[in-house]
Amino acid sequence: MEIIRTPRIMRDTSKGHILRGKNIGFVPTMGSLHEGHLSLVRRARQENDIAVVSIFVNPVQFGPSEDFNRYPRDVEGDTEKLVKEDIDILFMPDITAMYTEDFSTYVEVEKISEKLCGVFRPGHFKGVTTVVAKLFNIVTPTRAYFGQKDYQQCVVIKKLVKDLDMDIYIVVCPTIREKDGLAMSSRNAYLDSTQRAASTVIYRCLTEASEMIKSGIIDFGHIKKVMHERISKEPVVSGIDYVGIYDPSTLDELSGIKDEVLPAAAIWIGNTRLIDNMLVKT
Ligand code: AMP
């Protein structure tokens, strides 16, 4: 596995592969890799000639009071995991290489970025779309792989690619969960044992909502109330950003049935923000 730290070298390397007729699969990450990330990595490995993974904790997508400084980092462990997965290139740029002192260009997907998580994390998706646009320009992938766990991110990135005519196919991969249902996330490392035990509430509440929908209950106001009650009953839950049933395309809250719906929630356990969602065919 080749480790590249300079955007120019990464771009030249990709160019060489493309000139030789190879396609490139790309998985952007912030590192501290778990099985969720590795499921994307394996898919990229299987479906492409060249597999590239980036690790970059992007400061621009964290708000001033968010966890950029304490975000878990494990470059050594990550490198070992990626070697085992037979990845061709690990791209690990420095912050100064990505954001030079005079950096002043941002990419913003309007409207859809302002819903759900966008309400509570202003500027977050602008940071995501800016860094993803940069990474796409540097890596020039054929396909890029994202996790359904970050559902809104997938919708926003697809819109970015469509609106800016990027010739990249976005592959959305299923959410990988711990045995008890908790969606894997680098941020789960922040949870102490009591918080970790209670954190399954988000999965339990989404499962219950999905089952209610599948059983034919169409009063989404009622389902939302049940979800809200279940979450607020947990003593370790310190806040609820949103919980409800949403339109998977527009991310607007739904009041009635559609052929596919998205129960989703974002909650706080102590100082840790957890998100999860499930796509339900009705
Ligand atoms: P992150 O390092 O958190 O920015 O995540 C990098 C990529 O991995 C994103 O596309 C995430 O959606 C995806 N990802 C994170 N957790 C999971 C998971 N539990 N299952 C599937 N994909 C995931």
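Residues numbered from 1 in each chain as written. Predicted model: local features only at pLDDT ≥ 70, side-chain atom pairs only at ≥ 80, totals over all residues. Heavy atoms only, no water.

## Some remarks on the overall build of the protein chain
- Helix and strand content of the protein chain: 10 helices and 10 strands.
- Summarising its shape, the C-alpha atoms of the protein chain cover approximately 55 × 40 × 40 Å along the three principal directions.
- Residues classed as buried in the protein chain amount to 54% of the 282 residues present.
- Considering only intrachain contacts with a sequence separation of at least 6, the fraction spanning at least 24 residues in the protein chain is 72%. (Helix = DSSP H or I, 4+ residues; strand = E, 2+ residues; numbered from the N terminus. Buried < 20%, exposed > 50% of the residue type's maximum accessible area, 1.4 Å probe, protein only. Contact = heavy atoms within 4.5 Å.)

## Focus on helix α7 (residues 151-163)
- The first and last C-alpha atoms of α7 sit 18 Å apart over 13 residues, in line with the 18 Å expected at 1.5 Å per residue.
- With its phi angle positive at about 50°, aspartate 165 sits one or two positions after the end of α7. (Expected span 1.5 Å × (residues − 1).)

## Concerning the packing of helix α1 (residues 7-19) against helix α6 (residues 124-139)
- With their axes 7 Å apart at the nearest point, α1 and α6 run at an angle of 50° to one another. Between α1 and α6, the crossing angle belongs to the class labelled oblique. Taken together, the residues of α6 that come into contact with α1 (itself represented by Pro7, Met10, Arg11 and Ser14) are Asn137, Ile138 and Val139. (Axes fitted to C-alpha atoms, helices over the stretch in contact; angles between N-to-C directions. Parallel < 35°, antiparallel > 145°, perpendicular 65-115°, else oblique.)

## Some points on the packing of helix α9 (residues 201-214) against helix α10 (residues 220-232)
- Where α9 contacts α10, the two axes come as close as 9 Å, and the packing angle between them is 160°. The orientation of α9 relative to α10 falls into the category roughly antiparallel. Once α9 is placed against α10, the crossing between them reads as right-handed. Taking contact as the criterion, the partners of Val201, Arg204, Cys205, Leu206, Glu208, Ala209, Met212 and Ile213 in α9 are, on α10, Phe220, His222, Ile223, Val226, Met227, Arg230 and Ile231.
- Tallied by class, the residues present in the contact of α9 with α10 amount to 11 nonpolar, one polar and three charged. (Left-handed = near helix turned anticlockwise from the far one by under 90°. Nonpolar A, V, L, I, M, F, W, Y, C, P; charged D, E, K, R; others polar.)

## Regarding the domain arrangement of the protein chain
- Structurally, the protein chain comprises domain 1 (2-173) and domain 2 (186-281).
- Domain 1 puts 21 residues into the contact, and the matching count from domain 2 is 19 residues.
- Both faces considered, domain 1 and domain 2 share a buried interface measuring about 1900 Å² in area, 55% of it formed by carbon and sulfur atoms.
- Salt-bridge contacts for arginine 187 lead to aspartate 67; the nearest nitrogen and oxygen are separated by 2.8 Å.
- If you look at where domain 1 meets domain 2, you find 10 residue pairs in polar contact (both at pLDDT 80 or more).
- Counting residues per element, the ones that place at least two in the side of domain 1 that touches domain 2 are α5 (117-120) and α7.
- Partitioned by chemical class, the residues of the side of domain 1 that touches domain 2 number nine nonpolar, six polar and six charged. (Domains from an automatic or database assignment. Buried area = accessible area lost by both parts, 1.4 Å probe. Salt bridge = Lys/Arg side-chain N within 4 Å of Asp/Glu carboxyl O. Polar contact = N/O pair within 3.5 Å; in protein donor to acceptor, adjacent residues only side chain to side chain.)

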